[in-house]
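This is what each chain is made of:
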Amino acid sequence: MEFSNSCSSFSSSSLDSTKPSPSESSVNLSLSLTFPSTSPQREARQDWPPIKSRLRDTLKGRRLLRRRDDTSLFVKVYMEGVPIGRKLDLCAFSGYESLLENLSHMFDTPIICGKRDRKHHVLTYEDKDGDWMMVGDIPWDMFLETVRRLKITRPERY
Amino acid sequence: MALRLPSKVLKHILSFIDSNEDRNSVSLVCKSWFETERKTRKRVFVGNCYAVTPAAVARRFPAMRSLTLKGKPHFADYNLVPDGWGGYACPWIESMAAKSPYLEEIRLKRMVVTDDCLERIAASFKNFKVLVLTSCEGFSTDGIAAIASTCRNLRVLELRECIVEDLGGDWLSYFPETSTSLVSLDFSCLDSEVKISDLERLVSRSPNLKSLKLNPAVTLDGLVSILRRAPQLTELGTGSFAAELKPEAFTKLSKAFSNCKQLQSLSGLWDVLPEYLPALYSVCPGLTSLNLSYATVRMPDLVELLRRCSKLQKLWVMDLIEDKGLEAVASYCKELRELRVFPSEPDLDATNIPVTEQGLVYVSKGCRKLESVLYFCVQFTNAALITIARKRPNLKCFRLCVIEPFAPDYKTNEPLDKGFKAIAEGCKDLRRLSVSGLLSDKAFKYIGKHAKKVRMLSIAFAGDSDLMLHHLLSGCESLKKLEIRDCPFGDTALLENAAKLETMRSLWMSSCFVSFGACKLLSQKMPRLNVEVIDEHPPKTRPESSPVERIYIYRTVAGPRMDTPEFVWTLHKNPEIGVSKLAIK
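Predicted, not measured: the structure shown is a model, and the values here were computed from it.

*Asks:* When you look at the overall build of chain B in this model, what are you seeing that I'm missing?
*Replies:* Tallying secondary structure elements over chain B gives 20 helices and 23 strands in all. The C-alpha atoms of chain B give a radius of gyration of 25 Å, which matches the 25 Å a tight globule of 585 residues would have. For chain B, the C-alpha atoms occupy an extent of roughly 80 × 65 × 60 Å along the three principal directions. Across the 585 residues that make up chain B, the buried fraction comes to 59%. Pairs at least 24 apart in sequence give 71% of the contacts found in chain B among residues at least 6 apart. Accessible area of chain B: about 23700 Å², with a carbon and sulfur share of 52%. Of the side-chain charges in chain B, 81 are positive and 68 negative, and the distance between the mean point of each set is 10 Å.

*Asks:* Any chance you could explain the overall build of chain A here in plain terms?
*Replies:* What chain A contains, in helices and strands, is 3 helices and 6 strands. Its helices and strands taken in sequence order, chain A reads α-β-β-α-β-β-β-α-β from the N to the C terminus. When each of the 158 residues of chain A is scored for burial, the buried share is 40%. Here chain A has roughly 9200 Å² of accessible surface; of this, 50% comes from carbon and sulfur atoms.

*Asks:* Is there a simple way to explain the packing of helix H6 (residues 115–124) of chain B against helix H7 (residues 141–150) of chain B in this structure?
*Replies:* Each pair of packed helices can be described by the angle between their axes along with the distance between the axes. Residues and elements named next belong to chain B. Packing of H6 against H7 leaves a shortest axis separation of 8 Å and a crossing angle of 5°. Judged by the angle between their axes, H6 and H7 are roughly parallel. Residues Asp 115, Leu 118, Glu 119, Ile 121 and Ala 122 of H6 pack against Asp 142, Gly 143, Ile 144, Ala 146, Ile 147 and Thr 150 of H7.

*Asks:* It is not clear to me how the nonpolar core should be interpreted in this structure. Could you clarify?
*Replies:* One finds Phe257(B), Leu290(B), Phe380(B), Phe398(B) and Leu482(B) to be the most contacted residues of the largest nonpolar core, which totals 183 residues. When sequence neighbours within four positions are dropped, the list of residues in contact with Phe398(B) reads Leu360(B), Val373(B), Leu385(B), Ile388(B), Phe420(B), Ile423(B), Leu430(B), Arg432(B), Leu433(B) and Ser434(B). Leu90(A), Leu99(A), Tyr125(A) and Ile152(A) belong to the second largest nonpolar core, which has 22 residues in total.

*Asks:* Just checking my understanding: could you explain the packing of aromatic side chains for this structure?
*Replies:* We describe a pair of aromatic rings using the distance from one ring centre to the other and the angle between the two ring planes. The final tally for this structure, using the stated rule, is 20 aromatic pairs over all chains. Summarising the aromatic geometry, the rings of Phe516(B) and Trp569(B) are spaced 4.9 Å apart at their centres and angled 80° between planes, so their arrangement reads as edge-to-face. With a gap of 53 residues between them, Phe516(B) in helix H20 (residues 516–525) and Trp569(B) in strand E23 (residues 568–569) connect regions that are remote in the sequence. Judged by relative accessible area, Trp569(B) falls into the buried class, the value being 3%. One aromatic cluster is present, built from ring pairs that chain together Tyr50(B), Trp85(B), Trp508(B), Tyr552(B) and Tyr554(B). The cationic tip of Lys151(A) hangs over the ring face of Trp132(A); the distance from NZ or CZ to the ring centre is 4.4 Å.

*Asks:* I would appreciate a short explanation of helix H10 (residues 247–258) of chain B in the present structure.
*Replies:* Residues that lie three or four places apart on an α-helix share one face, since the helix turns once every 3.6 residues. All names here are of chain B. In this model H10 runs 17 Å from its N-terminal to its C-terminal C-alpha over 12 residues, within 8% of the 16 Å that 1.5 Å per residue would give. Burial in H10 covers these residues: Ala 249, Leu 253, Ser 254, Ala 256 and Phe 257. Taken end-on, H10 shows its buried residues confined to a sector of 160°, consistent with a single buried face. Residues Pro 247, Glu 248, Thr 251 and Lys 255 are exposed on H10 and point more than 90 degrees away from its buried face. Residues of H10 that are buried in the fold lie against helix H9 (220–229), strand E10 (235–237) and strand E11 (265–267).

*Asks:* Honestly, a nonpolar patch on the surface in this entry has me stumped. Any pointers?
*Replies:* On the surface, a nonpolar cluster with roughly 210 Å² of combined accessible area is contributed by Leu5(B), Val9(B) and Ile13(B). Assessed through its relative accessible area of 36%, Val9(B) is described here as partly exposed.

The rules behind these values
Residues numbered from 1 in each chain as written. Chains lettered and ligands numbered in written order. Predicted model: local features only at pLDDT ≥ 70, side-chain atom pairs only at ≥ 80, totals over all residues. Heavy atoms only, no water. Helix = DSSP H or I, 4+ residues; strand = E, 2+ residues; numbered from the N terminus. Rg over C-alpha atoms; globule rule 2.2 N^0.38 Å. Buried < 20%, exposed > 50% of the residue type's maximum accessible area, 1.4 Å probe, protein only. Contact = heavy atoms within 4.5 Å. Areas by Shrake-Rupley, 256 points an atom, 1.4 Å probe, with all protein chains shown as cover. Lys, Arg positive; Asp, Glu negative; His and termini not counted. Charge placed at Lys NZ, Arg CZ, Asp CG, Glu CD. Axes fitted to C-alpha atoms, helices over the stretch in contact; angles between N-to-C directions. Parallel < 35°, antiparallel > 145°, perpendicular 65-115°, else oblique. Core = buried A, V, L, I, M, F, W, Y, C linked by side-chain atoms within 4.5 Å. Phe/Tyr/Trp six-rings, centres within 6.5 Å; stacked < 30°, edge-to-face > 60°. Lys NZ or Arg CZ within 6 Å of the ring centre and 35° of its normal. Expected span 1.5 Å × (residues − 1). Arc of directions from axis to C-beta. Patch = residues over 30% accessible without salt bridge, like charges linked within 9 Å, V, L, I, M, F, W, Y side chains within 5 Å. Salt bridge = Lys/Arg side-chain N within 4 Å of Asp/Glu carboxyl O.

So this is what it looks like as structure tokens:
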């Protein structure tokens, strides 16, 4: 039976009767109460913090707009094989072209968007869901909204 | 032997008593007082629509003119109650249509209302005057049109934060040209554009119109035109404030506002651009209520606006106001009674912290009349809570939402026990409390011990053990509503304090450790409680000791309800599941 609102990620969805009984676990909130702060999957929840739907929806729609006003968005950039990374302010760029140009200059090698191949250094990014994605698929504004860090892949690793 | 008051005299005395709490007390004195009271009560309030049957209410209060009903539990506001749970208005409307045809006012909160229902209201109550629907759903603009067209004496039509199937803006044109009685209209939750000429005409022929809340689809031009026709407004909800405005148009807007000399309450301001705020300056000195929760205005512009609002009593604002802005509020808005600060970034991994505990401390220090607080911020300290309690012992409602669950005092790394202890102890008139952050059993021991007047308590992500629930249920004397989510409370405390539940309106627990067995036991033990297990997985398929997803327990004289959906289990519905083997401790 499907609920139309999702409360499943933090409710006891997998009820295992072999789990320790509640009275035994003092601060062990194993059943459902863990709120992983380091998890990459901290996407927007529908039931926390406790604000009403209208406000929640309005804020969601607005985040995109507001990001444009933010004056800086620093992300880390690594090149595969190079242990020391760089930091880059993505708001300083008008779009993917200027980003690639700048990165190519920074790392002293041509860098492209798109599919990985044996010749080129290709730019990828980690999004807010923790997934590694190809740079260039989504509009620049949306990219700024979701990017967490960048990685430049090596040509030989295929 | 006490002299018996003639019922005429008693009736006269009772005509001065409005509060239902007082009337409830009056009705307990003796049978004749009960009779006189019930025959004279005009305004009936039912806090839980399943606590009593509509027929019983209609029978008891034959003079009823106003009915207020509440349906779903409060946590439904935050998507914790699955769709289809219940809270249907229809049975009530049907009953009242048959037995209380002189009903004039209906106010519903968190209920499912259908178009049929609305049509029934329009058709059944000849002198219908007031319809207020708050956080309701299940109807469309067709139902609203029925109300508008049929209720000749309609004074108040307010749709507050409802989810409405919006079939277009035509509904507004259904107000007949002869209708001139409108005092309040709120359609701020609708999306579709209404014809501005219809609205202009309606406003022009409603000289008693005091409160008007427009939806975001109304443009600034539309607003100017409306304000010109209704300078007598005391409450205004603007439409969208985001459009590009030419300089002459801005002047017109300013002038329109400056003509509204009685404006006391302002809301809406959807997406207001800071350059339009000066148009509001003329009304600021008279404002007592300002709702900026949909306005993305930054601190400097907010301060520029708020420093002109010396009479402000109620302020709802986004955390974009920052601590600095709240410091300004503390110095300019000395009449402030209620403050709500909402999070502009509800996502948990937000790195921006626009407000800290300091903001609330400023306001607590500077605004001596402050009695109601709702504050969202990322983290807090015990020291701040202690200061707030010391400075504002007159607090009646204190709701702190520390967005980071289990967040300790970030300066000392301790739980926030001491801080909430100070609040419970210091604010002796506290009626409503929401706690958050890292809290141990101790915090709840203090709350149980000191918060004697708290009627509604909300708890999330807190606690160590069952002791916490036990402290609350055995300590808080005035407790009427308790809602808990994601806390390790369980069976023992619940079963030990079963009797307490009959003195309360309701208890909600979700993502806690209450077992199905305990629910069955409680249900068997307490026939005057409805124990509902709201769970995606049917309890039949699970062992008795496994925790259920949600429970909702409420006292009732109506018996078990018959309209439960599949995912709600009650003992009455599935008695074949049988007696629990769990022993009562």
